[in-house]
Amino acid sequence: MRMFENYSLETLNTFGFKVSARYFVEAESVEDIREAIAFAARENVPVVPLGGGSNLVLSGNQEALFVHVNLRGKEVVSRDGETVCVKAGAGENWHEFVRWTLAEQAFGFENLSLIPGNVGAAPIQNIGAYGVEIKDHFQSLEALDIQTGELKSFSLDECQFGYRDSVFKNAARDHFIITSVTFSLDAELSPRLDYGRLRQEVEQRSQGSQSEAFVISEAVCDIRMEKLPDPMVLGNAGSFFKNPVVDESVLSKLQRDFPDIVAYPFEGRWKLAAGWLIDRAGLKGFRQGAAGTYNKQALVLVNHGGAGPDDVLGLAKHIQSVVFDRFGVELEMEPRVY
Ligand code: FAD
Ligand code: NAP
């Protein structure tokens, strides 16, 4: 395993920020990660696991050891009439993994097609889209304890998954590097199409020789490509803020002033569409220097070219302040800032 010093992370964060890591390693095995964390302990620097870099903001040059978790491998562990149990290394690309599951007749993640990043980061915020979250099919994961170097298995309950949330963003934050994840998928396809225009998109397509699961996956890809910026073209980290969840009383008050506010029932409360709040605050397509909000989805902050982390974080602060002044609602950032 080769240790790099002052290593550029420009191509390893989807905002494309030109920042460097004091130390960087490419870890291809559990043993590589163990070696890396021992090195970091000796040098007294923190360890930062890195996947595809699509949900973080690197706020400057980093006095840390970045471990690019590149453990590979995908396998069907077991299969019966109802479930197909699959396991993947943390370094597998998420979208390629999803497509592989469909080819293996293992269903449930069609709606999570084209989410950037790697399998190992998927549990961190319990990735979700179009009404599906990974917790719906999660079985267990293995992670290396950064303090002890021991491997620990986490069950569904231990991961404490919530809405774009897990134990790895809370009590276990910075303590573990996920090495593999095991999912329990369905042997039969049960399409989940009651979300936005997904059903309509699927129904418009002829199945031809493709299986229905691939048709759904492709419909999801097409909707996403139409509405979300490709990080290879326009740097971004997806939704920059979480959708705020408010009480009924807060929603009722907002509805008096903004009758068309977009809200969905959520665990006895209401989830507001953060993108709608930003749009209605007049900030869709807004630009401050080289940072801006995307003109087709205001929730996505983009790097128009040459923006640095201060530009994006400055814009984020501005949006938070304008939205709070207008609606009295706080927006919480989704990507992790380092
Ligand atoms: P990174 O950005 O590399 O890391 C994210 C966090 O996880 C960091 O704190 C990092 O330290 C930690 N981490 C990474 N790997 C490991 C590991 N092996 N062990 C422990 N910690 C680790 N998210 C959704 O939920 N739904 C969406 O629909 C969605 N759409 C997106 C669309 C676009 C265009 C973009 C750019 C992002 C989108 N995201 C979405 C956000 C992002 O893709 C996901 O959060 C994804 O899981 C991040 O994966 P990553 O490998 O890039 O993680
Ligand atoms: P959208 O379809 O325009 O919807 C806007 C918001 O309304 C979404 O945030 C979504 O919440 C909510 N919503 C819409 N229909 C809903 C329904 N039937 N039930 C409950 N909530 C509903 O959103 P979009 O920006 O095009 O994104 C599409 C999907 O991809 C969403 O699920 C979104 O979360 C996901 N996505 C996530 C990221 C990220 O970085 N986290 C980036 C891009 C897209 P939810 O977000 O809870 O679904």
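Cut-off values and rules
Residues numbered from 1 in each chain as written. Chains lettered and ligands numbered in written order. Predicted model: local features only at pLDDT ≥ 70, side-chain atom pairs only at ≥ 80, totals over all residues. Heavy atoms only, no water. Helix = DSSP H or I, 4+ residues; strand = E, 2+ residues; numbered from the N terminus. Rg over C-alpha atoms; globule rule 2.2 N^0.38 Å. Buried < 20%, exposed > 50% of the residue type's maximum accessible area, 1.4 Å probe, protein only. Contact = heavy atoms within 4.5 Å. Expected span 1.5 Å × (residues − 1). Arc of directions from axis to C-beta. Salt bridge = Lys/Arg side-chain N within 4 Å of Asp/Glu carboxyl O. Pairing = 2+ DSSP bridges. Axes fitted to C-alpha atoms, helices over the stretch in contact; angles between N-to-C directions. 1 Å grid on protein atoms, 1.4 Å probe; cavity = no way out; pocket = protein on both sides within 12 Å on 5 of 7 lines; lining within 4 Å. Points joined across faces, edges and corners; volume = space filled by probe spheres on them. Nonpolar A, V, L, I, M, F, W, Y, C, P; charged D, E, K, R; others polar. Domains from an automatic or database assignment. Buried area = accessible area lost by both parts, 1.4 Å probe. Near = heavy atom within 4 Å. Polar contact = N/O pair within 3.5 Å; in protein donor to acceptor, adjacent residues only side chain to side chain. Areas by Shrake-Rupley, 256 points an atom, 1.4 Å probe, with all protein chains shown as cover.

**A word on the overall build of the protein chain**
Okay, step 1: Helices and strands together make up the secondary structure of the protein chain, namely 8 helices and 20 strands.
Okay, step 2: The C-alpha radius of gyration computed for the protein chain amounts to 20 Å, which stays within 12% of the reference 20 Å derived for 338 residues, consistent with globular compactness.
Okay, step 3: Based on the C-alpha atoms only, the size of the protein chain along its principal axes is roughly 60 × 50 × 35 Å.
Okay, step 4: By residue count, 50% of the 338 residues in the protein chain fall in the buried class.
Okay, step 5: Here the analysis covers contacts within the protein chain between residues at least 6 apart in sequence; of these, 62% occur between residues at least 24 apart.

**Regarding helix H8 (residues 309-327)**
Okay, step 1: An ideal rise of 1.5 Å per residue puts 27 Å on 19 residues; H8 measures up with 27 Å between its terminal C-alpha atoms.
Okay, step 2: Taken as a whole, H8 has its buried residues at Pro-309, Val-312, Leu-315, Ala-316, Ile-319, Val-323 and Phe-327. Buried residues along H8 cover an arc of 130 degrees about the axis, so they all sit on one side. The outward face of H8, more than 90 degrees from its buried face, is lined by the exposed residues Asp-310, Lys-317 and Asp-325.

**Topic: the pattern of salt bridges**
Okay, step 1: Overall, the coordinates contain 21 salt bridges when judged by the stated rule.
Okay, step 2: In this structure, Asp-194 and Arg-199 form a salt bridge, with 2.6 Å as the shortest nitrogen-oxygen distance.
Okay, step 3: On the basis of relative accessible area, Asp-194 is assigned to the exposed category, the value being 69%.
Okay, step 4: For the salt bridge of Glu-201 with Arg-205, the shortest nitrogen-to-oxygen distance reads 2.8 Å.
Okay, step 5: Classification of Glu-201 as buried rests on a relative accessible area of 14%.
Okay, step 6: Taking relative accessible area as the criterion, Arg-205 reaches 25% and is therefore assigned partly exposed.

**A short note on the sheet that holds strand S19 (residues 300-303)**
Okay, step 1: Spatially, S13-S19-S18-S17 is the arrangement adopted by the 4 strands of the open sheet, whose pairing is antiparallel. Only two strands of the sheet have a single neighbouring strand rather than two, namely strand S13 (235-239) and strand S17 (287-288).
Okay, step 2: In this fold H8 packs onto S17, strand S18 (291-293) and S19, with an angle of close to 40 degrees to the strand it touches most, S18.

**Focus: the side chain of His-68**
Okay, step 1: Relative to the elements of secondary structure, His-68 occurs in strand S5 (residues 62-69).
Okay, step 2: Apart from residues lying up to four places away in sequence, His-68 is in contact with Leu-12, Phe-24, Val-25, Glu-26, Ala-27, Leu-50 and Gly-51.

**Brief notes about the layout of surface pockets**
Okay, step 1: In this structure, the second largest pocket encloses a volume near 150 Å³.
Okay, step 2: For the second largest pocket, the full set of lining residues is Tyr-163, Lys-242, Asn-243, Pro-244, Val-245, Phe-266, Glu-330, Leu-331 and Glu-332.
Okay, step 3: Among the residues making up the lining of the second largest pocket, the classes are represented as 5 nonpolar, 1 polar and 3 charged.

**Considering the domain arrangement of the protein chain**
Okay, step 1: Domain assignment breaks the protein chain into domain 1 (3-69), domain 2 (74-227) and domain 3 (235-337).
Okay, step 2: With 8 residues of domain 2 at the contact, the number on the domain 3 side is 9 residues.
Okay, step 3: Interface area, domain 2 with domain 3, both sides summed: about 820 Å², of which 42% is carbon and sulfur.
Okay, step 4: If you sort the residues of domain 2 by the area they bury against domain 3, Tyr-163, Arg-173 and Lys-227 come out on top, with a joint share of 61%.
Okay, step 5: Arg-336 is the partner of Asp-174 in a salt bridge, and the nearest nitrogen-oxygen pair spans 3.1 Å.

**Side note on the site of ligand 2**
Okay, step 1: Near ligand 2 there are 17 residues, and of these Tyr-163, Lys-227, Asn-243, Lys-271 and Gln-297 occur at the shortest range.
Okay, step 2: One nitrogen or oxygen atom from the side chain of Tyr-163 is found 2.6 Å from an oxygen atom belonging to ligand 2.
Okay, step 3: Residue Arg-164 places a side-chain N or O atom 2.7 Å away from an oxygen atom belonging to ligand 2.
Okay, step 4: Relative to its free-state accessible area of 790 Å², ligand 2 is covered by the protein chains to the extent of 79%.
Okay, step 5: Elements that contribute at least two residues to the shell around ligand 2 include exactly strand S8 (128-129), helix H5 (212-227) and S13.
Okay, step 6: For the shell around ligand 2, the per-class residue count stands at 6 nonpolar, 5 polar and 6 charged.

**A few points about the pairing of strand S12 (residues 176-186)**
Okay, step 1: Of all 11 residues making up S12, 9 are buried, and the element is well covered by its neighbours.
Okay, step 2: Where strand S7 (residues 83-89) meets S12, 7 bridges bridge the pair, whose relative direction is antiparallel. Looking across to S12, one finds that Val-86 is bridged to Phe-183.
Okay, step 3: Bridging between strand S10 (residues 138-145) and S12 involves 7 bridges; their strand directions are antiparallel. Pairing of Leu-144 across the sheet is with Ile-177, part of S12.

**Brief notes about the sheet that holds strand S16 (residues 269-272)**
Okay, step 1: Here 3 strands make up an open sheet; going across it, the order is S14-S16-S15 and the pairing antiparallel. The sheet is open, and its two borders are formed by strand S14 (245-246) and strand S15 (263-266), each paired with just one other strand.
Okay, step 2: As paired strands, S15 and S16 are joined by 4 bridges and run antiparallel to one another. Directly across from Tyr-264, in S16, lies its bridge partner Lys-271.
Okay, step 3: Helix H6 (residues 248-257) contacts S14, S15 and S16 of the sheet and is inclined by roughly 50 degrees relative to S16.

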